[in-house]
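# Report on the structure
What follows is each chain in one-letter form.
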Amino acid sequence: MAVVNRCAVGIFPSQKLLDWAQGLDLEIDAAGAREACLYLIPDYDTQEEAEEILEEVYEAIFEAELDYWHRDTGTWPAERTYEVFRKWFEVRFYPLIQDLVGEELTATEVDEEFIGELGTALEGLEPRP
């Protein structure tokens, strides 16, 4: 077993996000809506350091989450500050990531073309609430 040189932050939709999604008439499965998305972040030693890292990257996470729920950026909240982010999402930090697979880790950069192709491939599937 190996330990990965990253930590993670789990992002859970709050009631504020669910209210926004319901206002757009998106189908919301209450159980599925509580699932987290995990984002790898740099190692940190303290909770304060973890919060500082999150403040540096929250905009990318906020936009990724909103895009996941609804691709139309015109429906996104105009104000996307860190304070708004913390109201729209519950956050849990994971300081230790262990790799139980044993194969080399790889990362793939995604660009707008890939995201568009992925969206096309996923059309017709049930959206995540």
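Let us look at the structure shown here. This one's a predicted model, so the numbers in the text were calculated from it and none came from an experiment.

### Some points on the pairing of strand S2 (residues 7–13)
Of all seven residues in S2, seven are buried, a share of seventy percent or more. Burial of S2 is two-sided: the residues Cys7, Val9, Ile11 and Pro13 facing one way and the residues Ala8, Gly10 and Phe12 facing the other way are all buried. Of the pairings in the sheet, the one linking S2 to strand S3 (residues 37–41) comprises five bridges and is antiparallel in character. Each residue of the ladder has a partner; that of Cys7, found in S3, is Ile41.

### Digging into the packing of aromatic side chains
One pair of aromatic rings is described through two measures. These are the centre distance and the angle between the planes. Inspection of every chain in the model, using the stated rule, returns nine aromatic pairs. Considering the side-chain rings of Tyr82 and Phe85, the 6.2 Å spacing of their centres and the 25 degrees angle between planes classify their relative orientation as stacked. Residue Tyr82 and its partner Phe85 are both found in helix H3 (residues 82–88); the two are separated by three residues, about one turn of the helix. A network of ring pairs unites the aromatic residues Trp20, Tyr58, Phe62, Tyr82, Phe85, Trp88 and Phe89 as a single cluster.

### Some thoughts on the nonpolar core
Core analysis: the biggest nonpolar cluster contains 25 residues, and Val9, Trp20, Leu54, Phe62, Phe85, Trp88 and Phe93 have the highest contact counts within it. A total of eight residues in this core trace back to one element, the largest contributor, which is helix H2 (residues 47–69). Not counting chain neighbours up to four residues away, the residues in contact with Trp88 comprise Phe12, Pro13, Ser14, Lys16, Leu17, Trp20, Phe62, Leu66 and Pro77.

### So, H2
Helix length check: H2 (23 residues) gives 29 Å between terminal C-alpha atoms against 33 Å at 1.5 Å per residue, more than 12% under. Of all the bends in H2, the greatest measures close to 60 degrees and is centred on Val57. Those residues of H2 not exposed but buried are Ala50, Ile53, Leu54, Tyr58, Ile61, Phe62, Glu65, Leu66 and Trp69. Next to the buried residues of H2 lie S2, helix H1 (15–23), S3, H3 and strand S4 (89–94).

### Examining the side chain of Ser14
Inspection of the secondary structure puts Ser14 in the loop between S2 and H1. Residue classification places Ser14 among the buried residues on the basis of a relative accessible area of 7%. When residues no more than four places from it in sequence are discounted, the contact partners of Ser14 are Arg34, Lys87, Trp88, Phe89 and Glu90.

About the criteria used
- Residues numbered from 1 in each chain as written.
- Predicted model: local features only at pLDDT ≥ 70, side-chain atom pairs only at ≥ 80, totals over all residues.
- Heavy atoms only, no water.
- Buried < 20%, exposed > 50% of the residue type's maximum accessible area, 1.4 Å probe, protein only.
- Helix = DSSP H or I, 4+ residues; strand = E, 2+ residues; numbered from the N terminus.
- Pairing = 2+ DSSP bridges.
- Phe/Tyr/Trp six-rings, centres within 6.5 Å; stacked < 30°, edge-to-face > 60°.
- Core = buried A, V, L, I, M, F, W, Y, C linked by side-chain atoms within 4.5 Å.
- Contact = heavy atoms within 4.5 Å.
- Expected span 1.5 Å × (residues − 1).
- Bend = angle between axes of the 7 residues up to and from the residue.

By themselves, these figures tell us nothing about what the structure is for.
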